[in-house]
Amino acid sequence: MARNEKEETIHIGSKEALALIIPYFRKKFWEQTKSVVWVVSYMTLFQLIVLRIPIKEAGIISLGIFAVIIGLTFFMEGLYLGIMPLGETIGLRLPQKGNLFTIIVFCLFVGIVATLAEPAISVLKQSGSAVNPWDAPLLFHLLNEGADVLFLSIAIGVGFSIVFGIIRIIYGISLSKFLVPSLIILILITIYAFNNENLRLISGLAWDSGVVATGSLTVPLIVALGLGVSKASRTSDTTTGFGVVTLASLFPILSVFVVGLYFAPNLPQPMPKEKFFAGGITVEQSKLLFGEKNPETLFGISEKEHNSQLSIHNKLVKIMEGMSESFSDSLQAIIPLAGCLILFLYVILRESLPFTDELYLGILFVFIGLAIFNFGIFFGLSKLGSQVGNKLPSSFRSIELTDSTREIKNFNPKIVFTATDEHGTTEDFFYLKDKKSFSQIPFRDKNYDSKSEIYSYVPIHGPLFGKEDNLLGYFVALLFAFLLGYSATLAEPALSALATSVEEVTVGTVKKRVLIQAVGIGVGLGTLLGILKIFVGIPLLYILLPSYIFLVFLTLLSKPEFIDIAWDSAGVTTGPITVPLIIVLGLGIGNQLNIVDGFGILSSAAIFPVLTVLVMGLWMERSRRQSLTNIEAEEK
């Protein structure tokens, strides 16, 4: 766009500035509120009305949800003002002023730094406590003592994927030439891992890592970089700017498997808890799993902390510590990324940006938004998703509400009665007085400590829709999963950004609204299948293998522009809203049903959007041909 050479300086007072900023901020805040409130309200009402269980720590969760909305408002505005223009400008200049070696080094470095700054990846840090070391030693190691190695491997995977993605665009290589071999290698390594118990238990983590790596920060940057390089390259058409996100969601899977193969020989195989603590592991294996910590002390303390009720003072201290940690993490994530991009632009490419004030303001917004958002994820979305995940199996099975455990002091075993049924089966119980009412409580020997005379009462809830393992209860849970995946996807800002870019570069051929709906339905179906995997215990390989074979078949039938868009859609479906909710939901369900590996839902949720978008593309192509045929018939 041409600009006037003479620009007049306009002085705006503070009142006028506020009068301009407040309505604009209110509009952006309302956009993020609409995207978050629906999915949060849906989960809250489902737990309150369908599962009939109150929300624990509702005040802190509400504060966290509000922080998520504020954080997203700043974060997304910062992306549009700072990170995306920076990425596209570098993408435009990179093929013109940089040689192949410079391009490779830059793409590798920016991929690593952007992934480490990715807010979605922080969710993996929180999931380590949900895994028991005796059930899945390799998975426990990668999420705890080996977490830094895991995150670095994911980041390196993204870095190499950007290198190959940019080279593909510059030299005009079809995405399928990278896609098909990559999928064959990943399927083969997943089949190999299926035969090793430790490696099989990290398969879900590996495939989910590919989705986590392509979040709200990485995707806009990669898409902007890819579109910039595509515009500058003569060998590519406009839509080949897409496809980099696809590779960015595949290469991290391979790098996580490689790290798993490296550590697996040095760790024990899964075993019962009693054997694990009775000398089942060597000193070297214990050091690899727990570092210098004592495992028995570590797990004893964790259990007590989990069951204890925090005072208001301790809650405030915990909130303040969380805020401080979030700002510190955000600073460490954004400064290297923004510094790398700016230095590369000014020093290596010797280019300057117009609107530098907007650029620096955008980077500041990204920093503030990321800090507030991370705080909100930890205290809001993760807590809510974990609660719903833990309670969801109560629709078809009776479960223990461990977070509602009550300690009954001075318990006297003499008040315990014994009841029998028509088959002669006996069960112990006692009466509990709660205010003015009395209720019968089942008595469990394991919950009574004779030394302290304390009985720990864990309420039992469900099954809500018939007998144990009834089909109606499963149907309700799976319907919940579909609607959650669908609604959470519609709230994803990365999907909106991608759909806008697709509509622009296809000149309206692919409508933004149609693409978003196709992706939303696909994620809903994938989430449903992922939760069914946990319910029934289906190995992840049995879902991935037939799905990807079918997708390769559809890919070969589709036009290149739809291939790029469809596979990129899979990469952006799971961002800052979906990832925390779905990961903690899966882990919560797994904990409640004693399933070791609650991962895999994200990878399942990422497959079906590709399928729905490819089907949409085939249908649009068929409609276009039909229209041409009709026009030709009318002309004759």
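These figures come from a predicted structure and were not determined experimentally.

> Before we move on, can you summarise the overall build of the protein chain with the specific residues and values?
Looking only at helices and strands, one finds 23 helices and eight strands in the protein chain. Looking at the 636 residues of the protein chain, the share that counts as buried comes to 53%. In the protein chain, once contacts between residues fewer than 6 apart in sequence are set aside, the share between residues at least 24 apart is 81%.

> Which residues make up the nonpolar core, and what are the values?
One finds Phe-535 and Trp-567 to be the most contacted residues of the largest nonpolar core, which totals 171 residues. Among all residues touching Phe-535, those that are not within four sequence positions of it are Leu-392, Phe-396, Tyr-474, Ala-477, Leu-478, Ile-589 and Leu-593. In this structure, Ile-70, Phe-74, Ile-319 and Ile-372 belong to the second largest nonpolar core, which totals nine residues.

> Requested: an account of the environment of Leu-199, with residues and values cited.
Assignment of secondary structure puts Leu-199 in helix α8 (residues 197-200). Placed 58 residues apart in sequence, Leu-199 and Phe-257 show a C-alpha to C-alpha distance of 7.9 Å. Sequence-distant contacts of Leu-199, defined by excluding residues within four places in its chain, comprise Leu-138, Tyr-192, Ala-193, Phe-257, Gly-260, Leu-261 and Ala-264.

> Account for the pairing of strand β3 (residues 417-420), naming residues and giving values.
Two elements, β3 and strand β4 (residues 426-434), share four bridges in a ladder whose sense is antiparallel. Among the inter-strand pairings, Phe-417 is bridged to a residue of β4, identified as Phe-429. Between β3 and β4, which pair antiparallel and follow one another directly, the connecting turn spans five residues, one of which, Gly-424, has a positive phi of 85°.

> Go over the side chain of Asn-198, please, and point to the residues and values.
Relative to the elements of secondary structure, Asn-198 occurs in helix α8. Classification of Asn-198 by relative accessible area gives buried; the value is 1%. Setting aside chain neighbours within four positions, we find Asn-198 in contact with Ala-136, Pro-137, Leu-138, Leu-267, Pro-268, Gln-269 and Pro-270.

> Explain the sheet that holds β4 to me, using residue names and the numbers behind them.
The strands making up a sheet are joined through hydrogen bonds of the backbone, oriented either antiparallel or parallel. With antiparallel pairing, the three strands of this open sheet are ordered in space as β3-β4-β5. In this open sheet, the two strands that pair with only one neighbour each are β3 and β5 (437-442). Adjacent strand axes in the sheet meet at a mean angle of 40° when their direction is disregarded. Judged from the six bridges that link them, β4 and β5 form a sheet pairing that is antiparallel. Directly across from Phe-429, in β5, lies its bridge partner Pro-442.

> Explain the pattern of salt bridges to me, using residue names and the numbers behind them.
In total, this model carries five salt bridges according to the counting rule given. In this structure, Lys-28 engages Glu-77 in a salt bridge whose closest nitrogen and oxygen atoms are separated by 4.0 Å. Taken as a pair, Lys-28 in helix α1 (residues 14-50) and Glu-77 in helix α2 (residues 58-97) lie far apart in primary sequence, 49 residues in all. Judged by relative accessible area, which is 11%, Glu-77 ranks as buried. Notably, a salt bridge pairs Glu-427 with Arg-444, separated by 3.9 Å at the nearest N-O pair. Here Glu-427 is found in strand β4, whereas its partner Arg-444 is found in the loop between β5 and β6 (448-449), with 17 residues between them in sequence. Overall, Glu-427 belongs to the partly exposed group, its relative accessible area being 43%.

> Any chance you could break down the sheet that holds strand β2 (residues 406-408) for me, citing the residues and the numbers?
Taken in spatial order, the three strands line up as β2-β7-β6 in an open sheet, and their pairing is antiparallel. Two strands close off the open sheet at either side, each with one partner strand: β2 and β6. One ladder, built from two bridges, connects β6 with strand β7 (residues 454-457); its direction is antiparallel. Residue pairing in the sheet places Asp-449 in a bridge with Ile-454 of β7.

> Go over helix α20 (residues 540-557) with me, naming the residues and quoting the values.
With 18 residues, α20 extends 26 Å between its outermost C-alpha atoms, agreeing within 8% with the 26 Å of an ideal straight helix rising 1.5 Å per residue. Along α20, the residues that are buried comprise Leu-540, Leu-541, Ile-543, Leu-544, Ser-547, Tyr-548, Leu-551, Leu-554 and Thr-555. With its buried residues spanning 165° around the axis, α20 presents them on a single face. Turned more than 90 degrees from where α20 packs its buried face, Tyr-542, Ile-549, Leu-556 and Leu-557 sit exposed.

> Outline the side chain of Ser-603, listing residues and values.
Its place among the elements puts Ser-603 in helix α23 (residues 601-635). With a relative accessible area of 2%, Ser-603 lands in the buried category. Sequence-distant contacts of Ser-603, defined by excluding residues within four places in its chain, comprise Trp-207, Asp-208, Val-211 and Leu-540.

> How would you explain the packing of helix α16 (residues 356-391) against helix α22 (residues 578-592) if you had to name every residue and give the values?
The geometry of α16 relative to α22 is characterised by a closest axis approach of 7 Å and an angle of 40° between their N-to-C directions. On the basis of their axis angle, the class for α16 and α22 is oblique. Where α16 crosses over α22, the two elements pack in a sense that is right-handed. When α16 is examined against α22, the residues Ile-377, Leu-381, Ser-382, Gly-385, Ser-386, Val-388, Gly-389 and Asn-390 are found in contact with a partner set consisting of Pro-580, Leu-581, Val-584, Leu-585, Gly-588, Ile-589, Asn-591 and Gln-592. Its residues assigned to classes, the contact of α16 with α22 shows eight nonpolar, eight polar and no charged.

> Summarise the packing of aromatic side chains; cite the residues concerned and give the values.
Summed over the entire model, instances satisfying the criterion amount to 35 aromatic pairs. Three or more aromatic residues joined by ring pairs make a cluster, and in this case those are Phe-25, Phe-29, Phe-66, Phe-74 and Phe-365. Positioned above the aromatic ring of Phe-194, the side-chain terminus of Arg-200 is 5.7 Å from the ring centre.

The rules behind each value
- Residues numbered from 1 in each chain as written.
- Predicted model: local features only at pLDDT ≥ 70, side-chain atom pairs only at ≥ 80, totals over all residues.
- Heavy atoms only, no water.
- Helix = DSSP H or I, 4+ residues; strand = E, 2+ residues; numbered from the N terminus.
- Buried < 20%, exposed > 50% of the residue type's maximum accessible area, 1.4 Å probe, protein only.
- Contact = heavy atoms within 4.5 Å.
- Core = buried A, V, L, I, M, F, W, Y, C linked by side-chain atoms within 4.5 Å.
- Pairing = 2+ DSSP bridges.
- Axes fitted to C-alpha atoms, helices over the stretch in contact; angles between N-to-C directions.
- Salt bridge = Lys/Arg side-chain N within 4 Å of Asp/Glu carboxyl O.
- Expected span 1.5 Å × (residues − 1).
- Arc of directions from axis to C-beta.
- Parallel < 35°, antiparallel > 145°, perpendicular 65-115°, else oblique.
- Left-handed = near helix turned anticlockwise from the far one by under 90°.
- Nonpolar A, V, L, I, M, F, W, Y, C, P; charged D, E, K, R; others polar.
- Phe/Tyr/Trp six-rings, centres within 6.5 Å; stacked < 30°, edge-to-face > 60°.
- Lys NZ or Arg CZ within 6 Å of the ring centre and 35° of its normal.

Any link to function would need more than the numbers given here.
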